[in-house]
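Remarks on the overall topology
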Amino acid sequence: MDFKSIIQKKRDGFALTKEEIEFFAFSAANETVPDYQLSALLMAIFFNSLNEEETLWLTDAMARSGDMADLTGIDGIKGDKHSTGGVGDKTTLVVAPVVAACGVKMAKMSGRGLGHTGGTVDKLESIPGFRTSLETDEFIDIVNSCGLCVAGQSGRLCPADKKLYALRDVTATVDNMPLIASSIMSKKLAGGADCIVLDVKCGSGAFMKNQESAKALAEKMVEIGRGAGKKIAALITDMDTPLGKNIGNSLEVAEAVETLRGNGPDDLTEICLLLAAKILQLAGAGDFEECKALAKSKIADGSALKKLAEMVKLQGGDENYILNTELFPKAKFFRNVVAEESGYIAAMNTEGIGSVCVALGAGRQKEEDAIDPSAGIVIEKKTGDYVEKGDVIAILYCSDEALFDAAEKQYRKAVTFSSSKPNGIPLLLDVVE
Ligand code: URA
């Protein structure tokens, strides 16, 4: 099959055949076509999209592009979650150990940063020694031994998505609904869990900017999951404001640990409890309120934090960094962003804030870029907070002082002030089951 003619066909707005979609996915997995042709097809898909059939074929082909994890070696029901991507979204680091502490195994495959959003794999790799590239047998052994494992895409699981995800990250082809749905659901199908909860983010920091498109994405993914025999639900949650206070890899691990200690920010704690409760409910642990209370009790008694430390150790990481997050090296430089006026913070362009974080070194601008694990932002004032002129609204961290001027300017641009208090947005916007 000729790859150039597939690009041309999609460029001209035609639907691709099943064979052409499979050729695309397998060529990406096996790296048998160059990145520039894969990127060109991604851009053609970005502009002309994929219909329902093409989306299902792409999901299926990407899921089959490597091994399909056989988790029958793990006793009991296996849970999984996936976020469509946000800023400051460290929920996996809290939800997975909470659910495992409640007795439901979490077998989770996560991604790296994508566009302006962070990725769990990059966050976990800020822990010295932590390995996210695991063979399926080791993944299963770790879930069996401590109840949870969070792995990246090994060379063998969903290699097509691994390749396309990295290219989308640096070619501005992320925010396309069929590409997001097939990327997430191919991993969820190949990952082999029984119960899946999707956290579909909505708002200025999400790929889906409004509730209508977030709901359409949630419905599409739930339908794909149900068609594959999974117990699946999607929560549509707010991403108009960064989640929690910390953005950046080791900063986010530290905030997740605080949340597991019971001292996390209210918004992060609440979303984590909702997600954990939904997984537990799908796994048959009780009704939603019972499951939420159970999840809360595992934070209160310290058992969820213990689970995270156990997992880190089994994946080769130094668990002392979980027990004492002060061990994480601090960024070499910091800059306070100080309010130039008094008033309420009326809105935050959360995608803009995510992009500041990437520019500080916490994400990639090119595929081969290295991540600076200590770079990031601590947000001191968020939407709805009253600020006096001179108050610190955020602290920027990075290893290259020369980056601060542009980053500060961009951060200021992302924050809007008003003399009146804005209306709050609920954290949970909708549920699709
Ligand atoms: N998360 C994924 O795994 N893929 C996407 O495309 C977006 C978020």
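Residues numbered from 1 in each chain as written. Predicted model: local features only at pLDDT ≥ 70, side-chain atom pairs only at ≥ 80, totals over all residues. Heavy atoms only, no water.

1. Topic: the pattern of salt bridges
Scanning all chains against the criterion turns up 32 salt bridges. A salt bridge links Asp60 to Arg64, with the shortest nitrogen-to-oxygen separation between them at 3.0 Å. Judged by relative accessible area, which is 34%, Asp60 ranks as partly exposed. Here Asp369 and Lys366 are joined by a salt bridge, their closest N and O atoms 3.3 Å apart. Looking at Lys366, the relative accessible area reads 46%, which means it is partly exposed. Salt bridges linked by common partners bring Arg335, Glu340, Asp405, Glu408 and Arg412 together as one network. (Salt bridge = Lys/Arg side-chain N within 4 Å of Asp/Glu carboxyl O. Buried < 20%, exposed > 50% of the residue type's maximum accessible area, 1.4 Å probe, protein only.)

2. Comments concerning the environment of Leu280
By the element assignment, Leu280 lies in helix α12 (residues 266-282). Take Leu280: its relative accessible area is 0%, and that puts it in the buried class. Along the chain, Leu280 and Arg364 lie 84 residues apart, while their C-alpha atoms are 34 Å from each other. Leu280 has contacts with Val99, Cys102, Val104, Ala285, Cys291, Leu294 and Ala295, leaving out every residue within four places of it along the chain. (Helix = DSSP H or I, 4+ residues; strand = E, 2+ residues; numbered from the N terminus. Contact = heavy atoms within 4.5 Å.)

3. Some thoughts on the site of the ligand
The environment of the ligand is formed by His82, Ser83, Thr84, Leu114, Tyr165, Arg168, Ile180, Ser183, Ile184 and Lys187. Separating an oxygen atom of the ligand from a side-chain N or O atom of Arg168 is a distance of 2.8 Å. In the environment of the ligand, a nitrogen atom lies 2.7 Å from a nitrogen or oxygen atom belonging to the side chain of Ser183. Here the ligand loses 97% of its free accessible area of 230 Å² to cover by the protein chains. When atoms are counted within 2 Å of each cavity's grid points, the one that captures over half of the ligand is the largest cavity. Looking at the shell around the ligand, the elements with two or more residues in it are β1 (78-83), α8 (159-170) and α9 (177-191). It is α9 that provides the largest number of residues to the shell around the ligand, a total of 4 residues. Residue composition of the shell around the ligand, grouped by class: 4 nonpolar, 4 polar and 2 charged. (Near = heavy atom within 4 Å. Polar contact = N/O pair within 3.5 Å; in protein donor to acceptor, adjacent residues only side chain to side chain. Areas by Shrake-Rupley, 256 points an atom, 1.4 Å probe, with all protein chains shown as cover. 1 Å grid on protein atoms, 1.4 Å probe; cavity = no way out; pocket = protein on both sides within 12 Å on 5 of 7 lines; lining within 4 Å. Sits in = over half its atoms within 2 Å of the grid points. Nonpolar A, V, L, I, M, F, W, Y, C, P; charged D, E, K, R; others polar.)

4. Quick word on helix α16 (residues 350-362)
Its 13 residues give α16 an end-to-end C-alpha distance of only 15 Å, which falls more than 12% under 18 Å, the value for a rise of 1.5 Å per residue. With 10 of 13 residues buried, α16 is to be regarded as a mostly interior element. Looking at α16, one finds that the buried residues are Thr350, Gly352, Ile353, Gly354, Val356, Cys357, Val358, Leu360, Gly361 and Ala362. Residue Asn349 occupies the N-cap position of α16, its side-chain oxygen lying 3.3 Å from the main-chain nitrogen of Glu351. (Expected span 1.5 Å × (residues − 1).)

5. A few points about the domain arrangement of the chain
According to the domain assignment, the chain consists of domain 1 (3-48), domain 2 (78-156 + 169-325) and domain 3 (329-418). Each of domain 1 and domain 2 has a C-alpha centre, and these two points are 30 Å apart. Facing the 5 residues of domain 1 at the interface are 6 residues of domain 2. Interface of domain 1 and domain 2: buried area, both sides summed, is about 520 Å²; carbon and sulfur atoms make up 72% of it. Joining domain 1 to domain 2, the criterion identifies 0 salt bridges. (Domains from an automatic or database assignment. Buried area = accessible area lost by both parts, 1.4 Å probe.)

6. Focus: the pairing of strand β8 (residues 343-348)
Note that β8 and strand β10 (residues 386-387) share 2 bridges and pair antiparallel. Following the sheet pairing, Tyr344 is matched in β10 by Tyr386. Bridge count for β8 against strand β12 (residues 415-418) is 4 bridges, and the pairing is antiparallel. Paired with Ala347 across the bridge in β12 is Thr416. (Pairing = 2+ DSSP bridges.)

7. Looking at the sheet that holds strand β6 (residues 246-247)
Pairing is antiparallel across the open sheet formed by 4 strands, whose spatial order is β6-β9-β11-β7. Bordering the open sheet on either side are β6 and β7 (333-338), each of which pairs with just one other strand. Relative to strand β11 (residues 392-398), strand β9 (residues 376-379) runs antiparallel, the two being bridged by 4 bridges. Paired with Ile377 across the strands is Leu396, a residue of β11. Relative to the sheet, α16 contacts β6, β9 and β11, its axis offset from that of β9 by approximately 140 degrees. (Axes fitted to C-alpha atoms, helices over the stretch in contact; angles between N-to-C directions.)

8. Re the packing of helix α4 (residues 52-63) against helix α10 (residues 211-227)
It is at 12 Å that the axes of α4 and α10 come closest, and there the two elements cross at 55 degrees. It follows from the interaxial angle that α4 and α10 lie oblique. Between α4 and α10 lies a crossing whose hand is right-handed. For the pair α4 and α10, the contacting residues are Glu52, Thr55, Leu56 and Thr59 in the first and Lys220, Glu223 and Ile224 in the second. Looking at the contact of α4 with α10 residue by residue, the class counts come to 2 nonpolar, 2 polar and 3 charged. (Parallel < 35°, antiparallel > 145°, perpendicular 65-115°, else oblique. Left-handed = near helix turned anticlockwise from the far one by under 90°.)

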